[in-house]
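Listed below, chain by chain, are the residues.
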There are 6 protein chains.
Amino acid sequence: MQYILNMFVMEHTKRVAVFPGSFDPFTIGHKAILDMALPLFDTVIVAIGINSEKRDFFPIEKRISHIKEIYANNSKVEVETYTSLTIEFCKQKQAMFILRGLRNTTDFQFEKSIAQMNRQLSPHIETVFLVTPPEYGHVSSTIVRELIRYGADISNYIPGKIE
Amino acid sequence: MQYILNMFVMEHTKRVAVFPGSFDPFTIGHKAILDMALPLFDTVIVAIGINSEKRDFFPIEKRISHIKEIYANNSKVEVETYTSLTIEFCKQKQAMFILRGLRNTTDFQFEKSIAQMNRQLSPHIETVFLVTPPEYGHVSSTIVRELIRYGADISNYIPGKIE
Amino acid sequence: MQYILNMFVMEHTKRVAVFPGSFDPFTIGHKAILDMALPLFDTVIVAIGINSEKRDFFPIEKRISHIKEIYANNSKVEVETYTSLTIEFCKQKQAMFILRGLRNTTDFQFEKSIAQMNRQLSPHIETVFLVTPPEYGHVSSTIVRELIRYGADISNYIPGKIE
Amino acid sequence: MQYILNMFVMEHTKRVAVFPGSFDPFTIGHKAILDMALPLFDTVIVAIGINSEKRDFFPIEKRISHIKEIYANNSKVEVETYTSLTIEFCKQKQAMFILRGLRNTTDFQFEKSIAQMNRQLSPHIETVFLVTPPEYGHVSSTIVRELIRYGADISNYIPGKIE
Amino acid sequence: MQYILNMFVMEHTKRVAVFPGSFDPFTIGHKAILDMALPLFDTVIVAIGINSEKRDFFPIEKRISHIKEIYANNSKVEVETYTSLTIEFCKQKQAMFILRGLRNTTDFQFEKSIAQMNRQLSPHIETVFLVTPPEYGHVSSTIVRELIRYGADISNYIPGKIE
Amino acid sequence: MQYILNMFVMEHTKRVAVFPGSFDPFTIGHKAILDMALPLFDTVIVAIGINSEKRDFFPIEKRISHIKEIYANNSKVEVETYTSLTIEFCKQKQAMFILRGLRNTTDFQFEKSIAQMNRQLSPHIETVFLVTPPEYGHVSSTIVRELIRYGADISNYIPGKIE
């Protein structure tokens, strides 16, 4: 019995994915990608990249608590911040996968180069892509921030509440 | 002990992916995608779609034996044929994932529509995309067949031997 | 009074658009484009192009009656067939506009060339484009025909009934 | 008589379009789109968006007078500025249409998301796209500003005179 | 003197390019690319590929004489047919360059793969791309054939006369 | 003899190309394009554009010496800086060609407009495009700078040493 269990555990390395982004804010599009990815992984770490050269819209604490609240009842989802290269963060977390969503060809062209670069820098970390559901293909954090600036209602584009 | 094992097994549903295609023939690009996907899944079924309206180049038996030989020592890879819709084949095999490679924006545009349609037809089956390594991005079964027609050497584009 | 009326009538030339396609079959995507275009035009002629070199899936009569039934209560929509160049059909119908839907960049690239060619052949006929709603962006007549071939349910992709 | 006139007026709601942009400056490409759109609408409002976060090249007054002069003899064209979301400006002007030109796939990808977002925010306002004539497809306000910075002649790219 | 001449001749290997295509028919777009390429090469061989699997529209002899007539006074241009892989024809002609025109992203995506494949098959033969002038970007042999089928005037799209 | 030499010299105008860019830094991708272009031209001037509005990463002197060192033994390659429009620099250098590399559709869309604009501004200067080898298609100066910021090893992406 013990023997079988051990073999099984050895064979089944835990599948950990890092889902990197600014998430400024986390949209229904991000949520759709993450929800679709959960059956594929044992743990998904939502990794908020902190970039000192980019101005934040929502403070980092609000972004963290927003995502944590949405996944409060899902033990597979963790939320963290990082300041290094994404692959360095992956190594530190022993994550073998990077998760990214694809909305359109502009996304794809950009993501393809990043994924190929990451694979070259670290051949054992693979980027896994899921396609955004069509009804969210036009949603982006950029457009949501623009809507907020003009005082428009964003409740259709943000899961839960960010403030 | 038994209790822990059962819990573990329950939690870890086996992750089965279908890798559908014509594979006429299976190229180094296909092999790269499959090899990169293996850590993500417990089983990957290479599923050769049989389409009565399309003329074959290599007979189906040769395509099967070609792929089987390449993965002779990898128990995670299975090779099958199917004639139904891909999602019907997935259901039959209890596969919750479809695996596809992306080389360029033309691929992406086409694959995106198919993936969104499949998700709508069967919401519990998700298409997982990996990006083809840059050095194989120009390789396709179509170009390989063209090379064969003109008597050119294809050994750089085909893993193992197909004939 | 009479003076005002006349002026108004003179100013307002009737806006007639031709919506050309194979419509084999007419999908929810086509319907969405046509419905969005109706406020823009006084009449929209759904123009089913008959191409002797292309094999039909649905017979032309079924396609006509399918679309006519959907718009039975809308006097702005007419359904016709044509065998000439689209711009020749437009001239014959005194239509100054061609209506086309755009789903993605592949559509756009193709449609752009056709629109520019048509404008050059007939500078007074302009092609007007509307963007397909995101939730129908993956629907095409080609995919619907594929689903039918495999016996899948297409009721989500076709308005009304075609058979 | 009166009865007929009323019916006609009721049926023919005035078709007003907003043509939004920075127009910094208004190019021959913008003019081509606007000219092609005039038969489609009763009024087109060229709407210069004022964005406090973007640095202007030409002062807003010059941009207004430049466009007004070009269309001095066309009563269908109005020129205005706005600071709100485009759809809010449309509602205020009772415009049911937004007019945009498409030059290439990069334009299309961007415009598609904006149009789909606007439709969702306000389902009765539709974005109408026309394709830029091929001979102006490489002209943009950005390139024109670049040419001015280097002292190059821009008279081929700007209708009339902006200074 | 002789020494200088020899050095010069040695340094200046003759630059021969193959301009491959179906040219069924040769359009104003093809002519524009070829004319722009002439200063770059000492000889350009217009190479009409004969593909037994593709149905011709214009007989091969007409295509040859059409192009020969256009360049009757230009000793740099030669017209030939070939049935092999393009790079094999290049080797036979000691041509180190392949010339291709690019109209749009669809062209580019396709041409890029072919060029990368050819470079791999024969590292000393390079594909040189020129961009089609914007006013011809919508012209293609396919559209011209379509126009002919419908009896439309094609004189704007074809240099000289093909019949 | 003299006569023949003169004829030859007259016929063979020296083919000079300008290869413009920021080269901040010069990558293996830039080197691949330049190396492939050398058989096509008699001289290639690597032209580092100095843009007062863009912040430099590597000082201009380092960029110059980096490229000069790589091509120290190749008399065909010159390295210069310029501050004018690229075509003005070409005229000043009597260069009839601009050399540019294409990695993907995003590159292509952008480069196409610039090339068409340059051709219009100066019809005798043509832009010649080569396709980046697939294995370097994901490399860009931007990504290299990003890697440097995070302290990653860039020796795989830069020819020679820049520091």
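Residues numbered from 1 in each chain as written. Chains lettered and ligands numbered in written order. Predicted model: local features only at pLDDT ≥ 70, side-chain atom pairs only at ≥ 80, totals over all residues. Heavy atoms only, no water.

1. Quick notes on the overall build of chain A
- The secondary structure content of chain A amounts to six helices and five strands.
- For chain A, the succession of helices and strands along the chain, N to C, is α-β-α-β-α-β-α-β-α-β-α.
- Since a compact globule built from 163 residues should have a radius of gyration of about 15 Å, the 17 Å found for chain A is in line with a globular shape.
- Seen through its C-alpha atoms, chain A measures out along the principal axes to roughly 60 × 35 × 30 Å.
- The buried share of chain A, taken over its 163 residues, is 55%.
- At a minimum sequence separation of 6, the contacts of chain A that also span at least 24 residues come to 80%.
- Total accessible area computed for chain A in this model is approximately 7600 Å², and 52% of it derives from carbon and sulfur atoms.
- Of the charged side chains in chain A, 18 are positive and 18 negative; the average position of the first set lies 1 Å away from that of the second. (Helix = DSSP H or I, 4+ residues; strand = E, 2+ residues; numbered from the N terminus. Rg over C-alpha atoms; globule rule 2.2 N^0.38 Å. Buried < 20%, exposed > 50% of the residue type's maximum accessible area, 1.4 Å probe, protein only. Contact = heavy atoms within 4.5 Å. Areas by Shrake-Rupley, 256 points an atom, 1.4 Å probe, with all protein chains shown as cover. Lys, Arg positive; Asp, Glu negative; His and termini not counted. Charge placed at Lys NZ, Arg CZ, Asp CG, Glu CD.)

2. Comments concerning the interface of chain A and chain B
- Between chain A and chain B, the contact holds 32 residues from the first and 32 residues from the second.
- Carbon and sulfur atoms supply 69% of the area that chain A and chain B bury against each other, a total of about 3000 Å² over both sides.
- On the surface where chain A and chain B come into contact, there are two salt bridges.
- Its salt-bridge partner being B:Asp42, residue A:Arg15 comes within 3.1 Å of it at the nearest N-O pair.
- Where chain A meets chain B, there are 15 residue pairs in polar contact (both at pLDDT 80 or more).
- Secondary structure elements with two or more residues in the side of chain A that touches chain B: α1 (2–11), β4 (97–102), α5 (105–121) and β5 (126–131) of chain A. (Buried area = accessible area lost by both parts, 1.4 Å probe. Salt bridge = Lys/Arg side-chain N within 4 Å of Asp/Glu carboxyl O. Polar contact = N/O pair within 3.5 Å; in protein donor to acceptor, adjacent residues only side chain to side chain.)

3. A few points about the relation of the copies chain A and chain B
- Structural alignment of chain A on chain B gives an RMSD of 0.0 Å, achieved by rotating through 180 degrees and translating 0.0 Å along the axis. Overall, the copies show the geometry of a two-fold rotation axis. Among all residues of chain A, the minimum C-alpha distance to the rotation axis is found for A:Phe129, at 2.4 Å. (Least-squares fit on C-alpha atoms with pLDDT ≥ 70 in both.)

4. Details of the pairing of strand β1 (residues 16–21) of chain D
All names here are of chain D.
- Counting buried positions over the six residues of β1 gives six, a clear majority of the element.
- The alternating pattern of β1 places Val 16, Val 18 and Pro 20 and Ala 17, Phe 19 and Gly 21 on opposite faces, both of which are buried.
- As defined by bridge partners, β1 adjoins strand β2 (residues 43–49) across six bridges and the pair is classed as parallel. Note on β2: the bridge partner recorded for Ala 17 is Val 44.
- Taking the sense of rotation as the criterion, the β-α-β connection linking β1, helix α2 (residues 28–37) and β2 turns out right-handed. (Pairing = 2+ DSSP bridges. Right-handed = clockwise from strand over helix to strand, strands pointing away.)

5. Notes on the environment of F:Glu135
- With respect to the helices and strands, the residue F:Glu135 is situated in the loop between β5 (126–131) and α6 (141–149).
- By relative accessible area, which is 35% here, F:Glu135 ends up partly exposed.
- For the pair F:Glu135 and F:Phe58, spaced 77 residues apart in sequence, the C-alpha separation works out to 25 Å.
- Once residues within four sequence positions are removed from consideration, F:Glu135 is found in contact with B:Pro134 and B:Glu135.

6. Overview of unusual backbone geometry
All names here are of chain B.
- The step from Asp 24 to Pro 25 runs through a cis peptide bond, and the omega angle for that step is 5 degrees.
- For Pro 25, the location among the structural elements is in the loop between β1 (16–21) and α2 (28–37).
- For Phe 23, which is not glycine, the phi dihedral falls at a positive 50 degrees.
- Mapping Phe 23 onto the fold places it in the loop between β1 and α2.
- Judged by relative accessible area, which is 3%, Phe 23 ranks as buried.

7. Let's talk about the pattern of salt bridges
- Applying the stated criterion across every chain, the model contains 60 salt bridges over all chains.
- The partner of D:Arg149 in a salt bridge is D:Glu146, and the shortest N-O contact between them spans 3.2 Å. Separated by three residues within a single helix, D:Arg149 and D:Glu146 lie in helix α6 (residues 141–149), roughly one turn from each other.
- The partly exposed category is assigned to D:Arg149, whose relative accessible area is 45%.
- When its relative accessible area of 33% is taken as the criterion, D:Glu146 is described as partly exposed.
- Connected through shared salt-bridge partners, A:Asp24, A:Asp56 and A:Arg63 make up one network.

8. Quick word on the packing of aromatic side chains
- Counted according to the given criterion, the structure contains 39 aromatic pairs over all chains.
- An angle of 45 degrees between the planes, with centres 5.6 Å apart, marks the rings of E:Phe23 and E:Phe26 as tilted. Residues E:Phe23 and E:Phe26 agree in their burial class; the two are buried.
- Taking the centre distance of 4.9 Å and the plane angle of 25 degrees together, the rings of F:Tyr82 and F:Phe89 count as stacked.
- For F:Tyr82, a relative accessible area of 10% puts it in the buried group.
- Exposure remark for F:Phe89: the relative accessible area of 2% places this residue in the buried category. (Phe/Tyr/Trp six-rings, centres within 6.5 Å; stacked < 30°, edge-to-face > 60°.)

9. Brief notes about the confidence of the model for chain A
- Per-chain confidence: chain A averages 91 in pLDDT, with 93% of residues scoring 70 or above.
- The ipTM value of the predicted complex is 0.90, and its pTM value is 0.90. (pLDDT = per-residue confidence, 0-100.)

10. Focus on the side chain of D:Lys112
- Along the chain, D:Lys112 falls in helix α5 (residues 105–121).
- Of the buried charged residues, D:Lys112 lacks a salt bridge, with C:Asp107 as the closest side chain of opposite charge at 8.5 Å.
- Look past the residues within four positions of D:Lys112 in its chain and what remains in contact with it is B:Lys112, C:Arg103, C:Asn104 and C:Val131.

11. Description of the packing of α5(A) against helix α5 (residues 105–121) of chain B
- It is the contact of α5(A) with α5(B), at a shortest axis distance of 10 Å, that shows an interaxial angle of 125 degrees. When the axis of α5(A) is compared with that of α5(B), the two are oblique. Read as a crossing pair, α5(A) and α5(B) show a hand that is right-handed. Together, A:Thr105, A:Phe108 and A:Gln109 of α5(A) and B:Thr105, B:Phe108 and B:Gln109 of α5(B) make up the contact between the two elements.
- Class assignment of the residues belonging to the contact of α5(A) with α5(B) gives a composition of two nonpolar, four polar and no charged. (Axes fitted to C-alpha atoms, helices over the stretch in contact; angles between N-to-C directions. Parallel < 35°, antiparallel > 145°, perpendicular 65-115°, else oblique. Left-handed = near helix turned anticlockwise from the far one by under 90°. Nonpolar A, V, L, I, M, F, W, Y, C, P; charged D, E, K, R; others polar.)

12. Some details on the environment of C:Cys90
Residues and elements named next belong to chain C.
- By the element assignment, Cys 90 lies in helix α4 (residues 86–92).
- The sequence separation of Cys 90 and Ile 125 amounts to 35 residues, and the corresponding C-alpha distance is 7.9 Å.
- If we skip the residues at most four places from it in the chain, Cys 90 touches Val 18, Ala 95, Ile 98 and Ile 125.

13. Remarks on helix α6 (residues 141–149) of chain C
- Looking at α6(C), one finds that the buried residues are C:Ser141, C:Ile143, C:Val144, C:Arg145 and C:Leu147.
- In this fold, the buried residues of α6(C) make contact with α5 of chain B together with α2 (28–37) of chain C.

14. Some thoughts on the pairing of strand β3 (residues 77–82) of chain B
Residues and elements named next belong to chain B.
- With six bridges connecting them, strand β2 (residues 43–49) and β3 associate as parallel partners. Paired with Ile 45 across the strands is Glu 78, a residue of β3.
- Between β2 and its parallel partner β3, the chain crosses via helix α3 (residues 60–70), and the hand of that crossover is right-handed.

15. Quick word on helix α5 (residues 105–121) of chain F
- Look at α5(F): 24 Å from first C-alpha to last across 17 residues, which is about the 24 Å you get at 1.5 Å a residue.
- Taken together, the buried positions of α5(F) are F:Thr105, F:Asp107, F:Phe108, F:Gln109, F:Glu111, F:Lys112, F:Ser113, F:Ala115, F:Gln116, F:Met117, F:Asn118 and F:Arg119. (Expected span 1.5 Å × (residues − 1).)

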